[in-house]
Amino acid sequence: SMNNVRTKTFIKDADVVVVRFGDKYRQWNAAFDAGYAAALGKCIITLHPPGISHMLKEVNASASVVCEDASQVVDTLAYVIDGTLPDTPRDGDDFVPIADRLGAGNPNP
């Protein structure tokens, strides 16, 4: 179909491919598009609710970034394009850097 040609053309021309999955129904087209992008060596960002992570484990394994909401995709693209980090960490005021959480002298920082 014409949409298939259009989608393949966009994926082929893309630097980064964002593939969105929902939890209401199985999205074979999205999985196929992710596979096509992976075969072309494209950077993939997957976007889906946490409840379907297990079902998408192989797709997520080929993704560069796995996001649970659209704001994470926006933050990722902002960082990739111009190095901008979010003003507030996703952990909010409770954010503790990993080095502080693990403690000084950790053999596996």
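Scroll up to find the structure.
Conventions and cut-offs
Each chain carries its own residue numbering, running from 1 in the written order of its sequence. Since the coordinates come from a predicted model, pLDDT governs what is reported: local features require at least 70, and pairs of side-chain atoms require 80 or more to be given and counted, while whole-chain, interface and lining totals use all residues. Excluding hydrogens and water, the side-chain figures rest on all heavy atoms present in the structure. Pairing of aromatic side chains requires ring centres within 6.5 Å, counting the rings of Phe and Tyr and the six-membered ring of Trp. Pairs whose planes differ by under 30 degrees are stacked, by over 60 edge-to-face, and all others tilted. The criterion for a charge sitting over a ring is simple: Lys NZ or Arg CZ within 6 Å of the ring centre, and within 35 degrees of the ring normal. Put simply, buried Ala, Val, Leu, Ile, Met, Phe, Trp, Tyr and Cys residues joined by side-chain atoms within 4.5 Å make one nonpolar core. With a 1.4 Å probe rolled over the protein chains alone, any residue whose accessible area is under 20% of its type maximum counts as buried; one over 50% counts as exposed, and the rest are partly exposed. Going along the chain from the N terminus, every DSSP run of H or I of four or more residues is numbered as a helix, and every run of E of two or more is numbered as a strand. Only heavy atoms matter for contacts: two residues are in contact if any of them lie within 4.5 Å across the pair. Here a strand pair is declared whenever DSSP counts at least two bridges between the two strands. Axis definition: a line fit to C-alpha positions, over the contact stretch in the case of helices; interaxial angles, taken between N-to-C directions, run 0 to 180 degrees. The rule for a salt bridge is simple: a side-chain nitrogen of Lys or Arg has to be within 4 Å of a carboxyl oxygen of Asp or Glu. By the criterion applied in these results, polar contacts are pairs of N or O atoms within 3.5 Å in which, for protein atoms, one can donate a hydrogen and the other can accept it, and in which residues neighboring in sequence qualify only through two side-chain atoms.

1. A word on the packing of aromatic side chains
So, point 1. What the rule picks out here adds up to zero aromatic pairs.
So, point 2. Sitting over the face of the ring of Tyr36, Lys8 holds its NZ or CZ atom 5.8 Å from the ring centroid.

2. Examining the nonpolar core
So, point 1. Within the largest apolar cluster, 13 residues are counted, with the highest numbers of intra-cluster contacts made by Val17, Val19, Phe21, Ala37, Ile44, Leu56 and Val59.
So, point 2. Going through the elements one at a time, strand 1 (16-20) and helix 2 (28-39) are the ones with two or more residues in this core.
So, point 3. Not counting residues up to four positions away in its chain, the partners in contact with Val17 are Ile11, Ala37, Lys42, Cys43, Ile44 and Ile45.

3. Considerations on the sheet that holds strand 1
Within a sheet, each strand pairs with its neighbour through backbone hydrogen bonds, oriented either parallel or antiparallel.
So, point 1. Read from one edge to the other, the open sheet built from three strands follows the order 1-2-3, with strand pairing classed as parallel. The open sheet has two edge strands, strand 1 and strand 3 (65-67), and neither has a second partner. Across the sheet, the mean angle from the axis of one strand to that of its neighbour is 20 degrees, orientation sign disregarded.
So, point 2. Across the sheet, helix 2 is in contact with strand 1 and strand 2 (43-47); its angle to strand 1 comes to roughly 160 degrees.

4. Thoughts on the pattern of salt bridges
So, point 1. Summed over the entire model, instances satisfying the criterion amount to one salt bridge.
So, point 2. Between Lys57 and Glu58 there is a salt bridge whose closest N-O contact spans 3.9 Å.
So, point 3. For Lys57, a relative accessible area of 42% gives the class partly exposed.

5. Quick look at the side chain of Gln72
So, point 1. Here Gln72 shows up in helix 4 (residues 70-82).
So, point 2. Assessed through its relative accessible area of 16%, Gln72 is described here as buried.
So, point 3. A polar contact is formed between the side chain of Gln72 and the backbone nitrogen of Glu68, at a distance of 2.4 Å.
So, point 4. Excluding residues within four positions of it along the chain, Gln72 makes contact with Cys67 and Arg90.

6. Brief notes about the pairing of strand 1
So, point 1. Judged by which residues are buried, strand 1 turns out to be one-sided: Val17 and Val19 face inward and are buried, whereas Val16, Val18 and Arg20, on the alternate face, are not.
So, point 2. Sheet topology places strand 1 next to strand 2; five bridges connect them, and they run parallel. Bridging across to strand 2, Val19 finds its partner in Thr46.

Read these as spatial facts, not as claims about activity.
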